[in-house]
Amino acid sequence: MPYKDLREFISTLEKRGAVRTVEDADWNLEIGTIAEINYEHEGPALFFDRIQGYPKGYRILTNALETLPRALLALDLDPDLDLNAALDAYEKKIASYRPVPPVEVSTGPVFENVFRGGEIDLLKFPTPRWHERDGGRYLGTGCVVILRDPDTGGIHFGCYRVMVQDKTTLGLYISPSHTGAIIRKKYWEKGQSCPVAVSFGQDPMMFVGSAQYMGQKRGLPKYELVGHVRGAPVEVIQEEVTGLPIPAFAEIVIAGEVPPPQVEARDEGPFGEWTGYYASGTRPEPVIRVKALYHRNEPIILGMPPVRHYKNPAHLGIPTGAKNGVEKLRKAGVEDVLDLWHLAVPGVTVIQIRQRYPGHAMKAGLAASGGHQQERFIVVVDEDINPRDPEEVLWAIGTRCDPETSMTILKGCPTGPLNPRIRPEQRAKGDYTSSRVILNACKPYEWIKEFPPTNVASPELRRKVLEKWKDLF
C-alpha cells in the first residue's frame, strides 16, 4: 500500500525492525558522521531525536532507503526479493507507466503550524552540518524543490541542495544542466523572481522521483510519475504565496522566491557532494527569500547527505541505473544489450553485449557516452563476462584489450561543476567539458572464432556438475 507520508514509512520500518532511534547526537558533524559510518556498515535507518540544543520532537531520519529491502518497501514492491528479481519487478513497474495526476485537497497536516514574514525562523530546525569541510548547514539533502515552468505551466520537482543562510533565507544550488536551473533562468530572463516551494520531509517515493533514480522517465511530469509508482495519487495543496502544489502530508515546506542572481546572491558551499569530493568550492549562488513556512507538529527532516560511494548506489538500495541504462541503449538502437552496471559511481560503466557484427561494441560505447559525468570510463564486455564483478571486468580488460587499438578517447563531452577533474582555468571560464574513454574489452569480432577459448567449464557442464554434487556445494 502507498505511504501517505514519511511517518507511515517509518512505522513500517519499525514493524520490520529496520530503524533505530538515536538520541543526544550533535547536529554539528556528529549526525553526518554517524550516518556515513552506518551507510558503510549497511545498518538500519536512523531516527535522530533529542538532538543537542533542540527540544524533543524535532527529528531527522537518515539512511532511509539504502538497503535493498528498504528501497523495495519505498517502491511498494516485495521487500524479500533478491537483486535480480527486484530489478525485474522495478522494470515492469516503470515500463507499465500510466500517469496518475495529483489530487488537490483544501488542507493537510503540513498546515499544523503556519508562519509568515517576521514569524519565520529557519534556525528552529536541527539542520546538520553534514561534512567537515561544508561551508554551512544543509537543510535540503533529501528535499523536493517544486517549480513551475513559466512557458508551459508544467510542474517540475527535483532534489537540489539547500543551505541555511539565516532565519528567512536559504541558498539554492542547482547544476546548470538540470531542469530546475533552466526553469528559474526563464524567469530571470523575463526580469522576474522564480517562485519556489521546498519540502524537507515527505513520502520517500517523492524523493526517489526527484533524484532522477527513474532516469529513463526523465521529462515526464513528476507528480504523475510518482503517483504511478506509488499506485495512488499524491495529495497536494495549492500554496497561496507561490500558487505551487505542495504535498499535503509533508513534514516541512517553505514557499518563497528566487530573485535573479544579479539582484541577490550569497556565498554557498563548499559541500561534500555525491562524487565524493568538495568539487564545487565556495561562490555566490542564488537564494530563496522565504515568504511562508509550514510544518507539522514534531517535524521530521529527511536527511540524504551525499557520501563517497563504496557500493552502488548510495541512497537507494536498488540500482535502478542499471535498468535505466539498458533501456537507454536499446532505445538508441543498440542490439543485444544484456546488462549494464556502474562499477564505480561516478566514473566506470560496464556494458555487456552479445556481439552480432563488426563495430557492435563501439556502437554500444558511443551510445553510452552521451550521458552526464558518470560515464567517464565505458567498458564494453562480452556475454561471458559478468559486468557486476570487478575481477571479471579487469580480467577482460587485461586479456582482450589491445591498448593501441581498443581504446577510444572522446573529447569535449558534457560534464558539470561537481566534476573534481575540471581544471581551475576551465572552471573559471564555465567550461564544464571533459574527455571520456571507451574500452573495447570484447573479443575482436573480426577473428572472434579464432580467439583462444577460455579454460572455464561450459555453462552446461557446470549445471550438470552442480546438480549432481549440490550437497558438496
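Calculation notes
- Residues numbered from 1 in each chain as written.
- Predicted model: local features only at pLDDT ≥ 70, side-chain atom pairs only at ≥ 80, totals over all residues.
- Heavy atoms only, no water.
- Buried < 20%, exposed > 50% of the residue type's maximum accessible area, 1.4 Å probe, protein only.
- Helix = DSSP H or I, 4+ residues; strand = E, 2+ residues; numbered from the N terminus.
- Pairing = 2+ DSSP bridges.
- Phe/Tyr/Trp six-rings, centres within 6.5 Å; stacked < 30°, edge-to-face > 60°.
- Lys NZ or Arg CZ within 6 Å of the ring centre and 35° of its normal.
- 1 Å grid on protein atoms, 1.4 Å probe; cavity = no way out; pocket = protein on both sides within 12 Å on 5 of 7 lines; lining within 4 Å.
- Points joined across faces, edges and corners; volume = space filled by probe spheres on them.
- Nonpolar A, V, L, I, M, F, W, Y, C, P; charged D, E, K, R; others polar.
- Polar contact = N/O pair within 3.5 Å; in protein donor to acceptor, adjacent residues only side chain to side chain.
- Contact = heavy atoms within 4.5 Å.
- Core = buried A, V, L, I, M, F, W, Y, C linked by side-chain atoms within 4.5 Å.
- Salt bridge = Lys/Arg side-chain N within 4 Å of Asp/Glu carboxyl O.

Below, the discussion takes up the pairing of strand β20 (residues 377-381). Within β20, 4 of the 5 residues are buried, which leaves it mostly tucked inside the rest of the structure. In terms of strand pairing, strand β19 (residues 348-353) meets β20 through 5 bridges, oriented parallel. Paired with valine 350 across the two strands is valine 379, which belongs to β20.

Here the distance between the centres and the angle between the planes together describe a pair of aromatic rings. Inspection of every chain in the model, using the stated rule, returns 6 aromatic pairs. Ring geometry for tyrosine 3 against phenylalanine 9: centres 5.3 Å apart, planes inclined by 80°, an arrangement best described as edge-to-face. Here the two residues tyrosine 3 and phenylalanine 9 agree in accessibility, since each one is buried. Plain terms: the ring middles of tyrosine 58 and phenylalanine 125 are 6.2 Å apart, the flat faces sit at 45° to each other, and that makes the pair tilted. Here tyrosine 58, found in the loop between β2 (45-49) and β3 (59-62), pairs with phenylalanine 125, found in the loop between β5 (113-116) and β6 (138-140); they are 67 residues apart in sequence, far enough to count as distant. If you follow arginine 137 out to its NZ or CZ, it ends over the ring of tryptophan 27, 3.5 Å from the centre. Above the face of the tyrosine 173 ring, arginine 161 is positioned so that its terminal group lies 4.2 Å from the ring centre.

This part takes up empty space enclosed by the protein. Throughout the structure, instances matching the rule amount to 2 cavities of 30 Å³ or more. There is about 40 Å³ of room inside the second largest cavity. Taken together, the residues of the lining of the second largest cavity break down into 5 nonpolar, 4 polar and 2 charged.

Right, let's get into the side chain of serine 199. Looking at the element boundaries, serine 199 is found in strand β11 (residues 194-199). At a separation of 2.5 Å, a polar atom in the side chain of serine 199 contacts the side chain of glutamine 202. Residue contacts for serine 199: discarding those within four places in its chain leaves Cys143, Val144, Pro247, Ala250, Ile252 and Val253.

Looking now at the nonpolar core. The nonpolar side chains of soluble globular proteins are, as a tendency, buried together. Counting residues in hydrophobic clusters, the biggest one holds 58 residues, and the most contacted among them are Leu61, Leu65 and Ile318. Beyond its immediate chain neighbours, meaning those up to four positions away, leucine 61 contacts Leu6, Ile10, Val19, Ala45, Leu46, Phe47, Ile300, Ile301, Leu302 and Gly303. Listed in part, the 41 residues of the second largest apolar core include Tyr54, Leu147, Phe200 and Phe271.

The next point concerns the pattern of salt bridges. For side chains of opposite charge, pairing can occur when their charged atoms come near one another. Evaluation of the coordinates by the stated rule reveals 29 salt bridges. Note that lysine 331 is salt-bridged to glutamate 327, the shortest N-O span being 3.9 Å. Residue lysine 331 and its partner glutamate 327 are both found in helix α8 (residues 320-331); the two are separated by 4 residues, about one turn of the helix. Under the relative-accessibility criterion, glutamate 327 is labelled partly exposed at 25%. Between aspartate 336 and arginine 356 there is a salt bridge, with the nearest N and O atoms lying 3.0 Å from each other. Here aspartate 336 is found in the loop between α8 and β18 (337-344), whereas its partner arginine 356 is found in the loop between β19 and α9 (360-368), with 20 residues between them in sequence. A single network of salt bridges, built from pairs that share partners, joins Asp166, Glu257, Glu264, Arg266 and Arg289.

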